[in-house]
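Residues per chain are reported as follows:
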Amino acid sequence: MTQTQQIRVSGFGGQGVVLAGLLLGQAGAIDGKYVSGSNSYGAQARGSGCKSEIVLSESPVDFPHLIGVDILIAMSQGAYDLYHGEVREDSGLILYDQDLVVPKESLKVKQIGIPATHLAIKRLKNKQVANIVFLGALIEMTRIVSPKALQKAISMHVTERFRPLNLKAFKLGIDVGREIHG
Amino acid sequence: MPLKSLQSSFLKGTFYLSGNEASAEGAIAAGCRFYAGYPITPSSELMERMAFRLREVGGVFIQMEDEIASICAVIGASWAGAKAMTATSGPGFSLMQEAIGYAAFTETPCVIVDVQRAGPCTGQATRVGSGDMMQVKWGSHGDYQIIAFSPWSSQEMYDFTIKAFNLSEKYRVPAFVMADEAVGHLRETVRIPEKIEIWNRKKQKGIPPFGTEEADGVPPMPSFGEGERLLVTGSTHDALGYRKTDDPEVHSKLVQRINLKILNHRKEIVETEEYFLEDAEVAILSYGFTARSSLYAVKGLRKEGRRVGMMRLKTIWPFPDEKVSELGKKVRKILVPEMNLGQVAGEVKKYVTCEVISFNQTNGEIIRPEKIKEELRKIL
């Protein structure tokens, strides 16, 4: 099997978990990858624990849900507690919200705190775009999809009114990723 | 999610679509210009996209008062000359059954997408199931045939919706896309080719619209407004459409023909797919989303050197009896995993003499590959 990346974005419904997954999947499709995406549905997506899962692959995806987790984005403590154990040891990566999640220290997984909500409020005056800050940081650190494709995905799926804000949040996330990464 | 104007009736290229959205796009590409429906989880996104797209391409979209009215409007639109469809889930599908019988008996082309959820009754609205696999064939009374597909991806939601329209037009029969919640809500890369093949119903002036010389023929279909004398009735009717409710010969001939026109053309209609069956001792027979789990499980066991293979049913009805019968001669055992209590497994047993093991899960969740692997290990 060629390389496959399995990504789970998680948090509270309302934090933009589903949108983040949609944008990541759309960007993968723009990059020419095979993509399978699924997310919480119904009441779960609106207030309680919420997740969005993406499989990115160079070849057709056999099973479209996650078998293991290569990358976890945890936007809330509840999501972190629920899902950190499924992340692949050694090769896995967890990005968590630095101000909302206290990570476990004993994990054999690379864990990076991202001040996504804090920066979204401080720099963009809108905590709703913390999800996009996460995507910027993730893509800068891993290049699982191209930044250009994600910008295009934002222009496809975010209404004109909020597009500039989301593009700014993405740029902010890339800067955060660059600081941490290099 | 805001829907952006797509501006073209027929999309080309690569898209990232949910199964429900892909089915709507397939319908538009196939020439569907009428949709009547009543929203129901987990099919609503299909209706939402049709509302938007039909406005763009100059079609008609109606939200009806319920599912009975929806299917009746679809049948009426078809007789007015439109390619027409509706989509629903279990509870709505149950309401539609009487009119589906009417569509089958009046030989009305129409497409119905059933995005199955966990039943019976209202069940678990947001959860997955595939409990309508028998209902789609036997839901209305009397002897009739329909055509039903079982998609396993967004791509097939697109492809099979087009196929359903094509075969529905060709055979003048209701055609079904039997999706499930997991496929309807799955979002995947969908590649739409430059050209697609579209079939339209046959028209021939002055030829009887309800009878043919051949015992398994499909008569041409006029529309209201074209100047043909046209009577459409759910009572037994002769070749011209006149009611013949006491004539045994007319009834027998008509019932035979609406069955034979499908059954005698099974080879042209039925599609299956085979994986690793050349030297397999045990096979999985699978369909819908569950087949994705099955394939993953089979590939995993193959890596361990186990002689296991898989047949996937793309068409469920008419049932791929010959293919299944051949499979039964090739392998010792067949495992049939389903999100119901063995509906298709029962059908498989009719056509094979080898052992058939039904693996069922009706908890509103998908059957994961690990579970199928475990079941396979038990019987290998």
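Rules used throughout
Residues numbered from 1 in each chain as written. Chains lettered and ligands numbered in written order. Predicted model: local features only at pLDDT ≥ 70, side-chain atom pairs only at ≥ 80, totals over all residues. pLDDT = per-residue confidence, 0-100. Helix = DSSP H or I, 4+ residues; strand = E, 2+ residues; numbered from the N terminus. Axes fitted to C-alpha atoms, helices over the stretch in contact; angles between N-to-C directions. Parallel < 35°, antiparallel > 145°, perpendicular 65-115°, else oblique. Left-handed = near helix turned anticlockwise from the far one by under 90°. Contact = placed C-beta atoms within 7 Å. Nonpolar A, V, L, I, M, F, W, Y, C, P; charged D, E, K, R; others polar. Pairing = 2+ DSSP bridges. Core = buried A, V, L, I, M, F, W, Y, C linked by C-beta atoms within 7 Å. Buried ≥ 20, exposed ≤ 12 C-beta atoms within 10 Å, placed from the backbone. Domains from an automatic or database assignment.

So, the confidence of the model for chain B
Next, step 1: Residues at a pLDDT of 70 or more form 98% of chain B, whose mean pLDDT is 96.
Next, step 2: Two numbers describe this predicted complex: its pTM, 0.96, and its ipTM, 0.95.

Structural notes on the environment of A:Lys104
Next, step 1: Relative to the assigned elements, A:Lys104 resides in the loop between strand S5 (93-97) and strand S6 (110-114).
Next, step 2: For A:Lys104 and A:Val61, which are 43 residues apart along the polypeptide, the C-alpha to C-alpha distance reads 32 Å.

Regarding the packing of helix H3 (residues 67-79) of chain B against helix H4 (residues 90-105) of chain B
All names here are of chain B.
Next, step 1: It is the contact of H3 with H4, at a shortest axis distance of 8 Å, that shows an interaxial angle of 30°. Here H3 is positioned roughly parallel relative to H4, judged by the angle of their axes. The handedness of the crossing between H3 and H4 comes out as right-handed. Here Glu67, Ile68, Ile71, Cys72 and Ile75 of H3 lie close against H4, whose contacting residues are Gly92, Leu95, Met96, Ala99, Ile100, Tyr102 and Ala103.
Next, step 2: By residue class, the composition of the contact of H3 with H4 is 10 nonpolar, one polar and one charged.

Here's the deal with the interface of chain A and chain B
Next, step 1: Every contact between the two is made by 16 residues of chain A and, on the other side, 17 residues of chain B.
Next, step 2: Those elements giving two or more residues to the side of chain A that touches chain B turn out to be helix H1 (17-30), strand S2 (34-39) and helix H5 (147-157) of chain A.
Next, step 3: Here the element with the most residues in the side of chain A that touches chain B is S2(A); it accounts for five residues.
Next, step 4: Looking at the side of chain A that touches chain B, its residues break down into seven nonpolar, eight polar and one charged.
Next, step 5: Summarising the sheet, S2(A) and strand S9 (residues 187-192) of chain B pair through two bridges and their orientation is antiparallel.

So, the nonpolar core
Next, step 1: Of all hydrophobic cores here, the largest spans 166 residues; its most connected members are A:Val133, A:Phe134 and B:Phe176.
Next, step 2: Counting residues per element, this core draws most heavily on H1(A), which supplies 10 residues.
Next, step 3: Two domains each put at least three residues into this core: domain 1 (13-192) and domain 2 (273-379) of chain B.
Next, step 4: In contact with A:Val133, other than residues within four places in its own chain, are A:Ile114, A:Ala116, A:Leu119, A:Ala120, A:Ala169, A:Leu172, A:Gly173 and A:Val176.

With respect to the packing of H1(A) against H5(A)
Residue and element names in this part refer to chain A.
Next, step 1: Following both chains from N to C, one finds H1 and H5 inclined at 120°, their axes separated by 8 Å at the closest point. The pairing of H1 with H5 is recorded here as oblique in orientation. Of the two elements, H1 crosses H5, and the hand of that crossing is right-handed. Along the contact surface, H1 presents Leu22, Leu23, Gln26, Ala27 and Ile30, while H5 presents Ala149, Leu150, Lys152, Ala153, Ile154, Met156 and His157.
Next, step 2: Looking at side-chain class alone, the contact of H1 with H5 contains nine nonpolar, two polar and one charged residues.

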